[in-house]
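Chain by chain, the residues:
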Amino acid sequence: MPTDVDAVVFDCDGLLAETESAWTRAETAIFAEHGHDFGPDQKQILIGGTLASGGEAMAEYFGLPGTGPALAARLADLVWQELAAGTPALPGARDMAEILLRRGMPIAVASNSPRRFVDAALGSAGLADLFHVVVSSDDVEHAKPAPDLYMTACARLAAEPERSVALEDSRTGTASALAAKMFVIAVPSTPGAVLDAHATYDSLADAELRSWVATCTTPVRHS
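Within every chain, residues take consecutive numbers counted from 1 along the sequence as written. The predicted nature of this model means local features are confined to residues of pLDDT at least 70 and side-chain atom pairs, given and counted, to a pLDDT of 80 or more, with totals for whole chains, interfaces and linings taken over all residues. By convention in this description, side-chain values take in all heavy atoms of the structure and omit both hydrogens and water.

## Focus: the layout of surface pockets
Stated precisely, the cut-off is as follows: Of the two site types, the cavity is a set of points on a 1 Å grid over the protein atoms alone where a 1.4 Å probe fits but cannot get out, and the pocket is an open set with protein on both sides within 12 Å along at least five of seven lines, each lined by residues with an atom within 4 Å of a point. Grid points are joined across faces, edges and corners, and a volume is the space filled by probe spheres set on the points. Gly is put with the polar residues, along with every residue not named as nonpolar or charged; the nonpolar set is Ala, Val, Leu, Ile, Met, Phe, Trp, Tyr, Cys and Pro, and the charged set is Asp, Glu, Lys and Arg.
Taken as a whole, the largest pocket encloses approximately 190 Å³ of empty space. Within the lining of the largest pocket, the residues separate by chemical class into seven nonpolar, four polar and three charged.

Shown next, in the form of structure tokens:
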């Protein structure tokens, strides 16, 4: 685990804020509307993606070509209703961010969700005041698994991606961070999921992960 890093960048949904249950309830409702069950296998084709990619994945799964945009719009409406009811912070999220801030570490959020969803989730979870930079899918041309979100977050923090750390909960997210050449820590939001990452923990509150956070040094700025 690197300790001399330029920045730490977090995903949001399923990592900082407990939004995955909100997304799952919305996804389950849409699958039911089309006569399909929704379980772990179906979740894996959607988790970590954008609304647009989720709509297209559902259209393909339902055998309804051309309905992706309509399904994405329906998903957005249902998810927004769920998020409006409140989203708690996940264990260890605020503590980790606060420790990094006290150590002078630049920290950011890079999320595949639209800006209004990210702002709602962070605000509801009591995390909105912690991050120097928040980047959403609205801010880049290509969302995860492309590296753009992480590259943009690092650029806005004046950090080198190769010297920075990403924390992710999904396959789509880890692929994005790896493509940006970051050190990737996985905290899977789906039990039993195996993610391609440099290190994996069950929770942001894991004692070993907290110990690593406490050793991170203030970054050295490069000219």
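Having seen the structure, we can now continue with the description.
## What to know about the nonpolar core
Applicable threshold: Buried Ala, Val, Leu, Ile, Met, Phe, Trp, Tyr and Cys residues form a nonpolar core when they are joined through side-chain atoms within 4.5 Å. The classification of residues rests on relative accessible area computed with a 1.4 Å probe and restricted to protein chains. Under 20% of the type maximum is buried, over 50% is exposed, and intermediate values are partly exposed. Helix and strand definitions here come from DSSP, where helices need a minimum of 4 consecutive H or I residues and strands a minimum of 2 consecutive E residues; each element is numbered from the N-terminal end. Working rule for contacts: check all heavy atoms of both residues, and any pair within 4.5 Å makes them a contact.
Core analysis: the largest hydrophobic core is formed by 35 residues, its most contacted members being Val 8, Phe 10, Phe 131 and Leu 167. Broken down by secondary-structure element, the contributors of at least two residues to this core are strand 1 (8–10), helix 5 (93–102), strand 2 (107–110), helix 6 (115–124), strand 4 (165–168), strand 5 (183–186) and helix 9 (207–213). Ranked by residue count, the leading element in this core is helix 5, at five residues. Leaving out residues up to four positions away in the same chain, Val 8 has contacts with Leu 100, Met 105, Pro 106, Ile 107, Ala 108, Val 165, Leu 167 and Trp 212.

## Notes on the sheet that holds strand 2
Stated formally: Paired strands are those between which DSSP finds at least two bridges. Helix axes are fitted to C-alpha atoms over the stretch in contact, other axes to C-alpha atoms as well, and angles between N-to-C directions run from 0 to 180 degrees.
If you walk across this open sheet you meet the six strands as 3-2-1-4-5-6, and the pairing is parallel. Two strands in the sheet have a free side with no partner beyond their single neighbour: strand 3 (133–135) and strand 6 (199–200). The sheet strands contacting helix 6 are strand 2 and strand 3, and the helix crosses strand 3 at an angle near 135 degrees.

## With respect to helix 8 (residues 171–179)
Quick reminder: α-helices carry 3.6 residues per turn. Residues three or four places apart thus point the same way. Turning to helix 8, its buried residues number three or more, namely Thr 172, Gly 173, Thr 174, Ser 176 and Ala 177. Along its buried surface, helix 8 packs onto helix 7 (148–156), strand 4 and strand 5. Of the residues one or two after helix 8, Lys 181 is the one with positive phi, at around 70 degrees.

## Looking at the side chain of Asn 112
Counted only if it meets this: Any pair of nitrogen or oxygen atoms within 3.5 Å is treated as a polar contact; in protein, a donor-acceptor pairing is required on top of that, and neighbouring residues in sequence qualify only through side-chain atoms on both sides.
As for its position among the elements, Asn 112 is in the loop between strand 2 and helix 6. Here the side chain of Asn 112 touches Gly 48 through a polar contact of 2.7 Å, landing on its backbone oxygen. Here Lys 144 takes part through its backbone nitrogen, which lies 2.8 Å from a polar atom of the side chain of Asn 112. Setting aside residues no more than four positions away along its own chain, Asn 112 makes contact with Gly 48, Gly 49, Thr 50, Ser 137, Ala 143, Lys 144, Leu 149 and Thr 172.

## Here's the deal with the pattern of salt bridges
Pairing is possible between side chains of opposite charge, provided their charged atoms come close. Put simply, the rule is: Salt bridge, as used here, is a side-chain nitrogen of Lys or Arg placed within 4 Å of a carboxyl oxygen of Asp or Glu.
A complete count under the given rule lists 13 salt bridges for this structure. A salt bridge links Arg 94 to Asp 129; its shortest N-O distance comes to 3.2 Å. You can see Arg 94 sitting in helix 5 and its partner Asp 129 sitting in the loop between helix 6 and strand 3, a full 35 residues away along the chain. Exposure remark for Arg 94: the relative accessible area of 29% places this residue in the partly exposed category. Under the relative-accessibility criterion, Asp 129 is labelled exposed at 55%.

## Points about the packing of aromatic side chains
We apply this condition: Stacked, tilted and edge-to-face are the three classes assigned to paired rings of Phe, Tyr and Trp, where Trp is represented by its six-membered ring and a pair needs centres within 6.5 Å; plane angles under 30 degrees give stacked, over 60 edge-to-face, the rest tilted. Any Lys NZ or Arg CZ that is within 6 Å of a ring centre and within 35 degrees of that ring's normal is treated as a charge sitting over the ring.
Within this structure, the stated rule accounts for seven aromatic pairs. Considering the side-chain rings of Phe 31 and Phe 62, the 4.9 Å spacing of their centres and the 75 degrees angle between planes classify their relative orientation as edge-to-face. You can see Phe 31 sitting in helix 1 (residues 20–33) and its partner Phe 62 sitting in helix 3 (residues 51–62), a full 31 residues away along the chain. Looking at Phe 31, the relative accessible area reads 0%, which means it is buried. The class for Phe 62 is buried, based on a relative accessible area of 11%. Put simply, the rings of Phe 31, Phe 38, Tyr 61 and Phe 62 pair up and form one aromatic cluster. Here the guanidinium or amino end of Arg 116 rests over the ring plane of Trp 80, the centre of that ring lying 4.7 Å away.

## Digging into the pairing of strand 4
Our working rule: Crossovers are described as right-handed under a simple rule: with the strands pointing away from the observer, the path leading from the first strand over the helix to the second runs clockwise.
Of the two faces of strand 4, the one lined by Val 165 and Leu 167 and the one lined by Ala 166 and Glu 168 are each fully buried. One ladder, built from three bridges, connects strand 1 with strand 4; its direction is parallel. Bridging from a neighbouring strand, Val 9 pairs with Ala 166 of strand 4. You can see the chain leave strand 4, run along helix 8 and come back into strand 5, and the turn it takes is right-handed.

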